[in-house]
Amino acid sequence: MTLKNLRDGEKIVLVVRKHWFVLFRDVFGLAIIFLVPFFLLPLFVGSLAQGNPLDVPAGLGFFFASFWTLIIWNLLFARWTDYYYDLWIITSQRVIDVEQKGFFHRDVATLFNLNYVQDVTTVLTGIFGNLLGFGKLQVQTAASKDEFVMHDIADPVRVEHEIREAQRKYYPAPGQGEPPLPGE
Amino acid sequence: MGNSPSAFTADPTIFLWAFFWLAVVATVGYAFALLYHWIRYGYMYPLVWIMMPIYLVGVVVLIGAMLGGIATI
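Visitor: Run through the domain arrangement of chain A, naming residues and quoting values.
Guide: When its domains are assigned, chain A resolves into domain 1 (12–18 + 87–170) and domain 2 (23–82). Here the C-alpha centre of domain 2 of chain A lies 39 Å away from the C-alpha centre of domain 1 of chain A.

Visitor: Hey, could you go over the confidence of the model for chain B for me, with residue numbers and the actual values?
Guide: Here chain B averages 88 in pLDDT, while 86% of its residues score no lower than 70. At the level of chain-chain contacts, confidence expressed as ipTM amounts to 0.86, with global pTM at 0.82.

Visitor: Describe the interface of chain A and chain B, with residues and values.
Guide: How big an interface is tends to be stated in terms of the accessible area lost upon association of its parts. Taken together, the contact pairs 24 residues of chain A with 27 residues of chain B. Classifying every residue of the side of chain A that touches chain B gives 18 nonpolar, 6 polar and no charged.

Visitor: Hey, could you go over helix α4 (residues 156–170) of chain A for me, with residue numbers and the actual values?
Guide: Two residues of an α-helix separated by three or four positions point the same way, owing to the 3.6 residues in each turn. Residues and elements named next belong to chain A. Here α4 contains 15 residues, and its C-alpha end-to-end distance of 21 Å stays within 8% of the 21 Å for a straight helix at 1.5 Å per residue. Considered for burial, the residues of α4 that qualify are Pro156, Val159, Ile163, Ala166 and Gln167. Projected down its long axis, α4 carries its buried residues within an arc of 100°, all on one side. Along α4, the residues that are exposed and aim more than 90 degrees away from the buried face are Val157, Arg168 and Lys169.

Visitor: Describe the confidence of the model for chain A, with residues and values.
Guide: In regions of low pLDDT, the predicted coordinates are not meant to be interpreted in detail. Across chain A, the average pLDDT comes to 85, with 92% of residues at or above 70. Within chain A, helix α2 (residues 58–85) of chain A carries the highest mean pLDDT (93), whereas strand β4 (residues 106–113) of chain A carries the lowest (84).

Visitor: Go over the environment of Trp88 of chain A with me, naming the residues and quoting the values.
Guide: Residues and elements named next belong to chain A. As for its position among the elements, Trp88 is in strand β2 (residues 87–91). Among the residues examined, Trp88 registers 21 C-beta atoms within 10 Å and is labelled buried. With 81 residues separating them in the primary sequence, Trp88 and Arg7 have C-alpha atoms 16 Å apart. Among residues more than four places away in sequence, those in contact with Trp88 are Val16, Val95, Ile96, Asp97, Leu111 and Met150.

Visitor: Tell me about the nonpolar core, and name the residues and values.
Guide: By size, the foremost hydrophobic cluster in this structure holds 19 residues, and its most contacted members are Trp88, Ile90, Val95, Ile96, Phe112 and Val117 of chain A. Counting residues per element, the ones that place at least two in this core are β2, β3 (94–100), β4, β6 (134–141) and α4 of chain A. Counting 17 residues, the second largest nonpolar core, distinct from the first, contains Trp73 of chain A together with Val48, Tyr55 and Val59 of chain B.

Visitor: Account for unusual backbone geometry, naming residues and giving values.
Guide: All names here are of chain A. Despite not being glycine, Phe104 shows a phi value in the positive range, around 60°. With respect to the element layout, Phe104 can be found in the loop between β3 and β4. With 9 C-beta atoms counted inside 10 Å, the residue Phe104 sits in the exposed group. With phi around 50°, Asp155 is a residue other than glycine that occupies positive phi space. Tracing the chain through its elements places Asp155 in the loop between β7 (147–154) and α4. Take Asp155: there are 17 C-beta atoms within 10 Å of it, and that puts it in the partly exposed class.

Visitor: Help me get a handle on the environment of Tyr55 of chain B, residues and values and all.
Guide: Within the secondary structure, Tyr55 of chain B sits in helix α2 (residues 48–71). For the pair formed by Tyr55 of chain B and Ala31 of chain B, sequence separation is 24 residues and the distance between their alpha carbons is 8.8 Å. Once residues within four sequence positions are removed from consideration, Tyr55 of chain B is found in contact with Phe77 of chain A together with Leu34 of chain B.

Visitor: Outline the sheet that holds β2 of chain A, listing residues and values.
Guide: Residues and elements named next belong to chain A. The antiparallel open sheet is built from 4 strands, whose spatial order is β1-β2-β3-β4. Every interior strand has two partners, whereas the edge strands, β1 (12–16) and β4, have only one. Sheet twist, expressed as the mean angle between neighbouring strand axes with direction ignored, is 20°. Inspection of the sheet shows β1 paired to β2 by 4 bridges, in the antiparallel sense.

Visitor: Tell me about the sheet that holds β7 of chain A, and please be specific about residues and values.
Guide: Residue and element names in this part refer to chain A. Reading across from one edge, β5-β6-β7 is the order of the 3 strands in this open sheet, with antiparallel pairing throughout. Of all the strands in the sheet, just β5 (117–123) and β7 have a single pairing partner and so form its edges. Ignoring which end each strand starts from, the neighbouring axes of this sheet average 20° apart. Both β5 and β6 contribute to a ladder of 6 bridges, which runs antiparallel.

What counts as what
Residues numbered from 1 in each chain as written. Chains lettered and ligands numbered in written order. Predicted model: local features only at pLDDT ≥ 70, side-chain atom pairs only at ≥ 80, totals over all residues. Domains from an automatic or database assignment. pLDDT = per-residue confidence, 0-100. Contact = placed C-beta atoms within 7 Å. Nonpolar A, V, L, I, M, F, W, Y, C, P; charged D, E, K, R; others polar. Helix = DSSP H or I, 4+ residues; strand = E, 2+ residues; numbered from the N terminus. Expected span 1.5 Å × (residues − 1). Buried ≥ 20, exposed ≤ 12 C-beta atoms within 10 Å, placed from the backbone. Arc of directions from axis to C-beta. Core = buried A, V, L, I, M, F, W, Y, C linked by C-beta atoms within 7 Å. Pairing = 2+ DSSP bridges. Axes fitted to C-alpha atoms, helices over the stretch in contact; angles between N-to-C directions.

Written out as C-alpha cells, the structure is:
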C-alpha cells in the first residue's frame, strides 16, 4: 500500500481493516432484501388472480428481475467500497484512521501518535466476535483526547501486539519522539 | 361510435420505460460515485482494479436484460 501523506522517515507497519464478517453481515442483509420480491410477488400476483390463470408476460418478470438486480448490484458495490475504504494504518510514528462515510465524505486523520500510547486493550464481544476473533481495540493515550476505540477490527490481539512492538521499537521511552500535530 | 377504440390507447411498455430510465439514472449516479472513488484512490486500494470491470460488466448485462425484457413484451 502507498499513502501520499506520510511524514519523512515514516514507515507503514500494518494496515488493518474491519473484519470480513462486518461486510458479510451487510451483504447477507442485502441478499435477503434482494430475495424478498421473488417470494412475495408470486404470492401477490397469485392472490390477484384468485385461482384464475393470470396472463403475465414472461418478459415482464424478466424486466423487473433485472431492474431489481441492478439496484441491488449498485448497493452491493457501494457497500463493498465503504468497507474496503475504511482502514487503519499503523505506521512507525502513529495510527492513521481512514474513514469513508458513504460517497464523497472521506476522513483521513491521525488517530494517535505512538509515543503517547499508555495502554492498549482488546475486547472481543458476542458469539461471532469470539468465534471469528474480531472486536474492539481501546487505546489509552496521554494526548488531549485520552481514549481511542477501533470497532469491529480484525484480529485485535495481533494489532495490539503490533502497536506495542512499534512503540517499543520506535519510541523506547514514553513521551519521546515527534511532538503531536496541532489539534491532536 | 361508442365501440371505436380510444385515441389515448397507452403503449403498455410505457410503464416499463419509466422504470428503465429510473434504473439508468440511479445507476449513472452510483457508477459515477464508485468510479470516482475507485480511480481517485485506486493507488491505495488494489482490489478496485479487479472489482471495476466486474461491476461494469454487471451493469451492462443487467441494463441489456431490462431492454431484452421490454423487447419481448
